[in-house]
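Survey of secondary and tertiary structure
So the chains spell out like this:
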Amino acid sequence: MAQERPDEEKPEIVDVRVQDRILGAASPVQSPTRLGPTRFSEVTGETLRTTGSDFIGSIWSWINGDPNRNTKNPVKRGKRKRIRTAKTAVGVIALVGFFIFVNWFMLSQLHEGRAWLRRGFSKKPNLNPKPKSNPNPDPIPSPSVKKASVKLSASVQHGEKKKKMGKPKKKYNGTYGRLLAFAAHALAEGQDKLEPKELWREPKDQALAWKPCADQRSWKPNDGKNGYIMVTANGGINQQRVAVCNIVVVARMLNATLVVPKFMFSDVWTDSSQFGDIYQVEHFIKYLSPDIRIVKKLPKELQSLDLEAIGSVVTDMDVMKEAKPGFYMKHILPLLLKNRVVHFFGFGNRLAFDPIPFQLQRLRCRCNFHALNFVPKIQETGAILVRRLRDSGSHLAPVDPYLVGPKFASFILDKKAGPLHKASKYLAVHLRFEIDMVAHSLCYFGGGDAERIELDAYREMHFPTLANLTKTKKMPLPEDLRTEGLCPLSPEEAVLMLAGLGFNRKTRVFVAGANIYGGMKRLAALTSLYPNLVTKENVLSETELEPFKNHSSQLAVLDFIACAASDAFAMTDSGSQLSSLVSGYRIYYGAGKMPTIRPNKRRFSDILLKNNTIEWKVFEQRVRKNVRQTKHVLVRPTGRSVYRYPRCKECMCNED
């Protein structure tokens, strides 16, 4: 859906966010991120140069000896000569070693510069930038995983070498006519066949052992006496949710009072919704009161302060992506104590997942899974949507009471339905295939010159930095991006995945997202193979959707509810924040009974490139193996998001 954008995440497959770090421009979620030092940085270059000079001087002095030594004694003079000869040899070796080190250092800087260019910068970032306060900066992504970026760059380079030395790479022409025909035939023949059992359930019993426990506390409330923290979160609703939970942790860390968050207006989403339009403010304040102090606005005596003039506005240019707690203690706390107020403007994914103290990490989970309840208007409409998708029924999913509240969860049940009535299962698919994602990916989707012209024009308007880079720098080729699994799955690719997995033609499919690039024509493959495909616009009436008109963030929440409550959920872009938050929510509240399909896009791309030769049975086998290999019950890997991977001791308790 167009309301959100991949971020921070480090999924088990290579995703579009990694591509962002190569291209150096982003979808309109985040303002530019300072990849180099900021106003809080320390300059070390001069120290390095001084140290190098001193090093050479000390070696030279050591070789020549003390200039004030006594040279009149002939015996000592001969002995000194022998010693000086030995010193000269050792000194030469030391100098050669030093110059080898300098040479290595310069080469490493050269390689680093090339890496910056691959990420889309014409030069390395300024070491002494002035903080910017532009509320609508040019949207350049911030690399959360430097290691992944370097790995990908090397991978693409390796691919280029392979192309020159080996067989020419198969090119994707944007169509899958042969495979789609096979899929249609297989679905028509097998529409009465039983689906594979693993499609609708978690395959691992270990998932049942994990229970939510982020609501447990073992500390006293903060008094917030060090000052007030304001935050204006950028991005779509899902990025903003992450930003809110991160700032809650920062407020606790600094013993600061948090002012109820605000959301930045974006000319891309054109949604003026604020925190209170989406989340229950009173519940947010009350639920977190044992953790931090939260107020609705600044005290009167502080409201007249010119925060920018006194240096209290901290932009995302000033805070590195995934900054560690020590950064906030060293740079933000003194500013807070001095000025009494700090305003984080454009705040997003600016707090590391590791290392971070246990209780602060648990607070992060508590905020995401317990403190952010949707407002009744959204809960009620979400309950109506889920009830109709299930075609009524006599049961509730484990997540229902937490998504729509106990009051509206009971509305999902059909009171007239008897105990033998069985609710319909539905599959939710998040198609991240809006024009912003398609244009930003630099991938090709089979639309010929018309597609290229349209996407070039879109980049010129919305991603000027990226558009300029495509003209002045050598960018990764579309086929390289596709081979690396960096292109979002098109509707045709998504439907081939579902058919390959064995979903029956009669399956009810809910598609989350709005304004799919190419419109209904692009969805033709999905609707022809799965005629029971619906969207929230099909399920809800115009009257029911009217309160959300022109509020893309609120409409995105309805997609979130429908995806989180689904019997099975399929991602098509694991870097998407909506997909990450939904999958984490299903893990946390799903009681090990709510499966999520996460294709490895790199491997899936390799399968699809054999479109003209692969047989359907082989295609099915490879697709099922691909997805099966991603269905592991893993403890959160170090550095990964607790919002996506809540199976960790900070968020959940393992009863095994």
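Calculation notes
- Residues numbered from 1 in each chain as written.
- Predicted model: local features only at pLDDT ≥ 70, side-chain atom pairs only at ≥ 80, totals over all residues.
- Heavy atoms only, no water.
- Helix = DSSP H or I, 4+ residues; strand = E, 2+ residues; numbered from the N terminus.
- Polar contact = N/O pair within 3.5 Å; in protein donor to acceptor, adjacent residues only side chain to side chain.
- Contact = heavy atoms within 4.5 Å.
- pLDDT = per-residue confidence, 0-100.
- Expected span 1.5 Å × (residues − 1).
- Bend = angle between axes of the 7 residues up to and from the residue.
- Buried < 20%, exposed > 50% of the residue type's maximum accessible area, 1.4 Å probe, protein only.
- Disulfide = S-S within 2.5 Å.

**Quick word on the side chain of Gln361**
- Secondary-structure assignment places Gln361 in helix 11 (residues 358–371).
- There is a polar contact of 3.0 Å between the side chain of Gln361 and the side chain of Arg364.
- Setting aside chain neighbours within four positions, we find Gln361 in contact with Phe353, Asp354, Ile356, Arg636, Val642 and Glu650.

**Examining the confidence of the model for the protein chain**
- In this model, the protein chain carries a mean pLDDT of 80, and residues with pLDDT of at least 70 account for 73%.
- Every residue in residues 43–63 is under pLDDT 50, and counting partners more than four places away or in other chains gives 16 contacts.
- Low confidence marks residues 66–72, where pLDDT is under 50. Its contacts with residues over four positions away, or in another chain, come to 7 contacts.

**Some thoughts on helix 13 (residues 400–412)**
- For helix 13, with 13 residues, the first-to-last C-alpha span of 9 Å runs short of the 18 Å given by 1.5 Å per residue.
- Along helix 13, the sharpest kink reaches roughly 105°, centred on Pro406.
- Residues of helix 13 that are buried: Asp400, Leu403, Val404, Gly405, Phe408, Ala409 and Ile412.

**Some details on the state of the cysteines**
- Taken as a whole and judged by the stated rule, the model has 3 disulfides.
- At a sulfur-sulfur separation of 2.2 Å, the disulfide partner of Cys213 is Cys653. Linking Cys213 and Cys653, the disulfide has an S-S dihedral of approximately 100° and is accordingly described as right-handed. One end of the pair, Cys213, is in the loop between strand 1 (210–212) and strand 2 (228–233); the other, Cys653, is in strand 13 (residues 652–654), with 440 residues separating them in the sequence.
- With a relative accessible area of 28%, Cys653 lands in the partly exposed category.
- The disulfide partner of Cys365 is Cys651, and the S-S distance across this bridge is 1.6 Å. Highlighted residues: Cys365 in helix 11 and Cys651 in the loop between helix 26 (616–628) and strand 13, separated in sequence by 286 residues. Each member of the pair Cys365 and Cys651 is classed as buried.
- With its disulfide-bonded cysteines labelled consecutively along the sequence, the protein chain is connected as 1-6, 2-5, 3-4.

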